[in-house]
Amino acid sequence: MLSEFKQFAIKGNVIDLAVGFVVGAAFGKIVTSFTNDILMPPIGLALGAVDFSNLFINLSSKHYDSLAAAKAAGAPTLNVGVFLNTIIDFLIIAFAVFLLVKWVNRLVGEKPAPPSTKDCPYCLSAVPIGATRCPHCTSELKAA
């Protein structure tokens, strides 16, 4: 069982998956930083100096000036700004993955369609792939 696991782990697909996972996690951190530190501050400024990471709905009866203060007090909150940042993170990552898949598909190209005809071995005429008799020389053909 150990040797089977070793053989499985050494296969290229597992190693590729591990590398992809690590790179994806690092890319996720970069996108999160881009969203929180570069993208959202100008958007918040354009909307009237709104800090999205500090945008929350307080569900308790006490007032808190910031999300950090509410969390420190253990108050229940709906973290709308954090949720919006997470949605923007997801959209950026999804778009980047879309572009990557589109680029890879363009490099690979389209797979050729399976043949729809075969040649008759007797008269060498093109015959539909499923034909059992040649329409040109009437020879019996092997089914494909």
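Computed from a prediction, not measured in an experiment: that's the story for all the values here.

The rules behind these values
Residues numbered from 1 in each chain as written. Predicted model: local features only at pLDDT ≥ 70, side-chain atom pairs only at ≥ 80, totals over all residues. Heavy atoms only, no water. Disulfide = S-S within 2.5 Å. Helix = DSSP H or I, 4+ residues; strand = E, 2+ residues; numbered from the N terminus. Contact = heavy atoms within 4.5 Å. Patch = residues over 30% accessible without salt bridge, like charges linked within 9 Å, V, L, I, M, F, W, Y side chains within 5 Å. Areas by Shrake-Rupley, 256 points an atom, 1.4 Å probe, with all protein chains shown as cover. Salt bridge = Lys/Arg side-chain N within 4 Å of Asp/Glu carboxyl O. Buried < 20%, exposed > 50% of the residue type's maximum accessible area, 1.4 Å probe, protein only.

### Observations concerning the state of the cysteines
(1) Moving on: Scanning all chains against the criterion turns up 0 disulfides.
(2) Moving on: A disulfide-free cysteine, Cys123 has its sulfur positioned 3.6 Å from the sulfur of Cys134, the nearest such atom.

### Considering the environment of Ile57
(1) Moving on: Mapped onto the elements of the fold, Ile57 is located in strand E1 (residues 57-58).
(2) Moving on: For the pair Ile57 and Ile38, spaced 19 residues apart in sequence, the C-alpha to C-alpha distance is 24 Å.
(3) Moving on: Those residues in contact with Ile57 that sit more than four places away from it in its chain are Pro76, Thr77, Leu78 and Val80.

### Here we look at the side chain of Ser125
(1) Moving on: Inspection of the secondary structure assignment puts Ser125 in the loop between strand E3 (117-119) and strand E4 (126-128).
(2) Moving on: Beyond its immediate sequence surroundings of up to four residues, Ser125 is in contact with Lys118, Asp119, Cys120 and His136.

### Things to note about a nonpolar patch on the surface
(1) Moving on: Side chains of Leu55, Ile57, Leu59, Leu78, Val80, Phe83, Leu84, Ile87, Phe90 and Leu91 sit close together on the surface and give an oily, nonpolar patch of about 890 Å² of accessible area.
(2) Moving on: Take the nonpolar patch: its biggest share by element is 6 residues, from helix H4 (residues 80-108).
(3) Moving on: In this structure Leu55 comes out as partly exposed when scored by relative accessible area, which is 33%.

### Side note on the pattern of salt bridges
(1) Moving on: For the structure on display, the rule yields 1 salt bridge.
(2) Moving on: Here Arg133 makes a salt bridge to Glu140, at a shortest N to O gap of 3.1 Å.
(3) Moving on: Of the residues examined, Glu140 reaches a relative accessible area of 58% and is grouped as exposed.

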